[in-house]
Amino acid sequence: MTSGETQTVNDYQQRKWQHIRKLLERSGPFCHPDFEPSPEILDFVMSCCKVLIVGAGGLGCELLKDLALMGFKTIHVIDMDTIELSNLNRQFLFRKTDIGLSKAKCAVEFVNKRIPGCKAVAHHCTIQDMDEGFYRQFHIVVCGLDSIVARRWLNGMLMSLLQYNDDRSLDQSSVIPLVDGGTEGFKGNARLILPGMSACIECTLDLYPPQKTFPLCTIANTPRLPEHCVEYVKVIQWAKENPWGASTPLDGDDPQHVAWVLEKAQERAIKHGITNVTYRLTQGVLKNIIPAVASTNAAIAAACATEVFKLATSCCTNINNYMVLNMSEGVYSYTFNAERRPDCVACSNTTRVLELESDATLQTIYDKLCEDQAFLMKSPGITTVINGRNKTLYMSSVKSIEERTRDNLKKKITELGLYNGAEILVADITTPNTITIKLKFDENIDVDMTR
Amino acid sequence: MIKLFSLKQQKKDEEGTARAGGSQKKASAAQLRITKDLNELNLPKTCSTEFPDPDDLLNFKLIICPDEGFYRGGRFVFSFKVGPNYPHEPPKVKCETAVYHPNIDLDGNVCLNILREDWKPVLTVNSIVYGLQYLFLEPNPEDPLNKEAADELQSNRRLFEQHVQRAMRGGYVGSSYFERCLK
């Protein structure tokens, strides 16, 4: 390669990022007040900043493309799904030959090939397959999910990574911001969650619309809509007839299942003089499908990617903190400050500490919880998690559990699998939520006990 | 505003040497909430719970033995399954005892508004217990799941009462067989 050619390549590299450089190497009226322009910031974005994209579907493809073109190079993508024909109209990183392959892998391969220097990494698995160590490595997590359960799990994971100082103040370096996007037809939202600092998924759980359900008696006796017929087959007839055996649950993704439900729903519709039970409608009721709109995904992903960029560079103030977008009639957008719930089970659960001797019994804990001025509880129910399994230590209010856990009171806490630093969960009428209490042994000698 | 750039740069360079020991796996939000619900369970004297596995608070049974009304003397078992999306979604509740009742069908499906369309996250297991207990005291023929029973309750209360008694003692009502469920 001649020096002239090298020069051209460098020029190209220079020009490629010049718009980003303008943002990061100059000040301006819209900058964050503490922003100090510097070329190092782009270096950080390119060589250091690690972003996790959760979901490689409609939003995920957009996010990956957006972030890679903004200069992020270390991007991990996690998605358990495989590509289907119906994805191709909007999930533009996939081709017809990719059908059946992992979304995460195909998306990553495409972007790595298309954008030189991009080192995206794919994980074809569920978010629950990854542990704390995996999530802790990221600076920012951005998600495009279609499930509330998955959002809550991820939220809980990021909350569990928070570290608190001895004075119960938050250690800010343990905060991993979560940017969450969601779309439904022509509507969408983008929000920023700073775990432990701003409203989290659990704080605003009632913002999610309840799943559409019909009264059971209506679908059983007085169906009026085609949806009632499908719902009947789904809720009642499937469990009764178990066409694929009792152990096979109804799977809205299995065409044979959908066909079976359609057939039965049509029979029912005829009986009640209802028309328009179609395959599409059946699939819609079974899977709660709302048609995905490519432009909504693009807009929401762009908003999310911008927030990620602002987080990574501090160049502008982030949204505060919840943006809604409605494009069903014209375009409407509004940003509001979703507030934290002081009694949120996920993010207000700052761990409290209980000091005791290492040879204490569960009774000691119980008594302390009732008598200690810091707690003064009435009838605490105590549980814990050992090796990922829930364990009920003692609960007096439920007779059948009380009888079977009573003996635990006499046992030493170490016999019950607890150790110095272990956490117990305590529910009591005196606290709005179940609280987490960390055990701290007084004697520092036998501290590193067996787990 | 959090300044990620200055805050995280060093920290993340040291990554890989994750915090020693690794911390304990956290309980899910659903788990925290159900623990709270159960600890504050205030059962009427006609009700009791059974936990096949006391470590598993998400699956349990509720036993209702009404002491008045049509179903006095009977013993009815309901299974509760609390899912990972609790309390955003209600628990799944089924009646395991065959019962001749306008709002419970022969497969154990229960028509109670707060179990489906009127569920709200502020409701608790206690609300459902009271809802179920109420179904036995005041069967509601307006919202039938067992239409035959509902029609009968409206047209001939005495006959309905006899049929309820027969079902609880064990026997046929119409073509359906009911196992004995008297205490």
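Per an unreviewed UniProt entry, the recorded name for chain B is E2 NEDD8-conjugating enzyme, and the organism is Diatraea saccharalis. The UniProt entry for chain B carries the following text under Pathway (unreviewed entry): "Protein modification; protein neddylation." Annotation of chain B in UniProt includes, under Catalytic activity (unreviewed entry), the sentence "[E1 NEDD8-activating enzyme]-S-[NEDD8 protein]-yl-L-cysteine + [E2 NEDD8-conjugating enzyme]-L-cysteine = [E1 NEDD8-activating enzyme]-L-cysteine + [E2 NEDD8-conjugating enzyme]-S-[NEDD8-protein]-yl-L-cysteine."

An unreviewed UniProt entry annotates chain A as NEDD8-activating enzyme E1 catalytic subunit of Diatraea saccharalis. According to the UniProt record, the Pathway (unreviewed entry) comment for chain A reads "Protein modification; protein neddylation." A UniProt comment under Function (unreviewed entry) is attached to chain A, and it reads "Catalytic subunit of the dimeric E1 enzyme, which activates NEDD8."

A. Fine view of the overall build of chain A. Of the regular secondary structure elements, chain A holds 14 helices and 13 strands. When the backbone C-alpha atoms are referred to their principal axes, chain A occupies close to 80 × 70 × 40 Å. Here chain A holds 451 residues, and the buried ones make up 51% of them. Contacts spanning at least 24 positions in sequence make up 60% of the contacts within chain A whose residues lie at least 6 apart. By element, 50% of the accessible surface of chain A is carried by carbon and sulfur atoms, the whole surface being about 21700 Å². When the 48 positive and 53 negative side-chain charges of chain A are each reduced to one mean point, those points stand 6 Å apart.

B. Fine view of the UniProt feature "active site" (unreviewed entry) in chain B. Residues annotated by UniProt as "active site" (unreviewed entry) correspond here to Cys111(B). Within the secondary structure, Cys111(B) is located in the loop between β4 (92-95) and α3 (125-137). Once residues within four sequence positions are removed from consideration, Cys111(B) is found in contact with Leu216(A), Cys217(A), Asn103(B), Leu135(B), Asp143(B) and Leu145(B).

C. Spotlight on the sheet that holds strand β5 (residues 178-184) of chain A. Residue and element names in this part refer to chain A. Strand order across the open sheet formed by 8 strands is β3-β2-β1-β4-β5-β6-β7-β8, with mixed pairing between neighbours. At either margin of the open sheet sits one strand with a lone partner, and together these are β3 (121-123) and β8 (332-336). Along the sheet, successive strands turn relative to each other by an average axial angle of 15°, direction set aside. Of the strand pairs in this sheet, strand β4 (residues 140-144) and β5 are connected by 4 bridges, and their pairing is parallel. Across the sheet, Cys 143 pairs through a bridge with Asp 180, a residue of β5.

D. Focus on the UniProt feature "active site" (unreviewed entry) in chain A. Residues annotated by UniProt as "active site" (unreviewed entry) correspond here to Cys217(A). Mapped onto the elements, Cys217(A) comes out in helix α8 (residues 216-221). Residues within four places of Cys217(A) in sequence aside, it is in contact with Thr222(A), Cys111(B), Asp143(B), Pro144(B) and Leu145(B).

E. Here's a closer look at the UniProt feature "domain: E2 binding" (unreviewed entry) in chain A. UniProt tags residues 354-442 of chain A as "domain: E2 binding" (unreviewed entry). The span residues 354-442 of chain A carries 19% helix and 30% strand; its end-to-end C-alpha distance comes to 10 Å.

F. Looking closely at the environment of His139(A). Residues and elements named next belong to chain A. Positionally, His 139 belongs in the loop between α6 (132-136) and β4. His 139 gets classed as buried once you look at its relative accessible area, which sits at 0%. The spacing of His 139 and Lys 264 is 125 residues in sequence and 51 Å in space, taken between C-alpha atoms.

G. Structural detail: the UniProt feature "domain: UBC core" (unreviewed entry) in chain B. Feature annotation in UniProt assigns "domain: UBC core" (unreviewed entry) to the following positions: residues 29-173 of chain B. In the segment residues 29-173 of chain B, helix accounts for 32% and strand for 16%; the C-alpha atoms at its two ends are 45 Å apart.

H. Up close: the pattern of salt bridges. Residues and elements named next belong to chain A. In total, this model carries 18 salt bridges over all chains according to the counting rule given. The residue Arg 136 makes a salt bridge to Glu 132 at a minimum N-O spacing of 3.4 Å. You can see Arg 136 and its partner Glu 132 sitting in helix α6, 4 residues apart, about one turn around the helix. Take Arg 136: its relative accessible area is 8%, and that puts it in the buried class. Residue Glu 402 is joined to Arg 406 by a salt bridge in which the shortest nitrogen-to-oxygen separation is 2.7 Å. According to the relative accessible area criterion, Glu 402 is buried, its value standing at 13%. Residues participating in the shared-partner salt-bridge network are Glu 62, Lys 65 and Asp 66.

I. Molecular detail of a negative patch on the surface. On the surface, Glu355(A), Glu357(A), Asp359(A) and Asp442(A) cluster together to form a negatively charged patch. Among the residues examined, Glu355(A) registers a relative accessible area of 42% and is labelled partly exposed.

J. Quick peek at the pairing of β5(A). Residue and element names in this part refer to chain A. β5 sits mainly inside the fold: 5 of its 7 residues count as buried. In this region the chain leaves β4, passes through helix α7 (residues 148-160) and returns to the parallel neighbour β5; the handedness of that crossover is right-handed. Across 7 bridges, β5 lies against strand β6 (residues 187-193) in antiparallel orientation. Considered in β6, the bridge of Gly 181 is made with Ala 190. The antiparallel hairpin formed by β5 and β6 contains 2 residues in its connecting segment, where Gly 185 sits at a positive phi of about 60°.

K. Just the sheet that holds β4(B), in detail. All names here are of chain B. Reading across the sheet, the 4 strands line up as β1-β2-β3-β4 and stay open at both edges, with antiparallel pairing between neighbours. Bordering the open sheet on either side are β1 (47-50) and β4, each of which pairs with just one other strand. Across the sheet, the axes of successive neighbouring strands diverge by a mean angle of 25°, strand direction being ignored. As paired elements, strand β3 (residues 76-81) and β4 share 4 bridges and run antiparallel to each other. Residue Phe 80 lies in a different strand from β4, and its bridge partner there is Val 93.

Rules behind the numbers
- Residues numbered from 1 in each chain as written.
- Chains lettered and ligands numbered in written order.
- Predicted model: local features only at pLDDT ≥ 70, side-chain atom pairs only at ≥ 80, totals over all residues.
- Heavy atoms only, no water.
- UniProt positions renumbered as here; feature names shortened; annotations may be inferred.
- Helix = DSSP H or I, 4+ residues; strand = E, 2+ residues; numbered from the N terminus.
- Buried < 20%, exposed > 50% of the residue type's maximum accessible area, 1.4 Å probe, protein only.
- Contact = heavy atoms within 4.5 Å.
- Areas by Shrake-Rupley, 256 points an atom, 1.4 Å probe, with all protein chains shown as cover.
- Lys, Arg positive; Asp, Glu negative; His and termini not counted.
- Charge placed at Lys NZ, Arg CZ, Asp CG, Glu CD.
- Pairing = 2+ DSSP bridges.
- Axes fitted to C-alpha atoms, helices over the stretch in contact; angles between N-to-C directions.
- Salt bridge = Lys/Arg side-chain N within 4 Å of Asp/Glu carboxyl O.
- Patch = residues over 30% accessible without salt bridge, like charges linked within 9 Å, V, L, I, M, F, W, Y side chains within 5 Å.
- Right-handed = clockwise from strand over helix to strand, strands pointing away.

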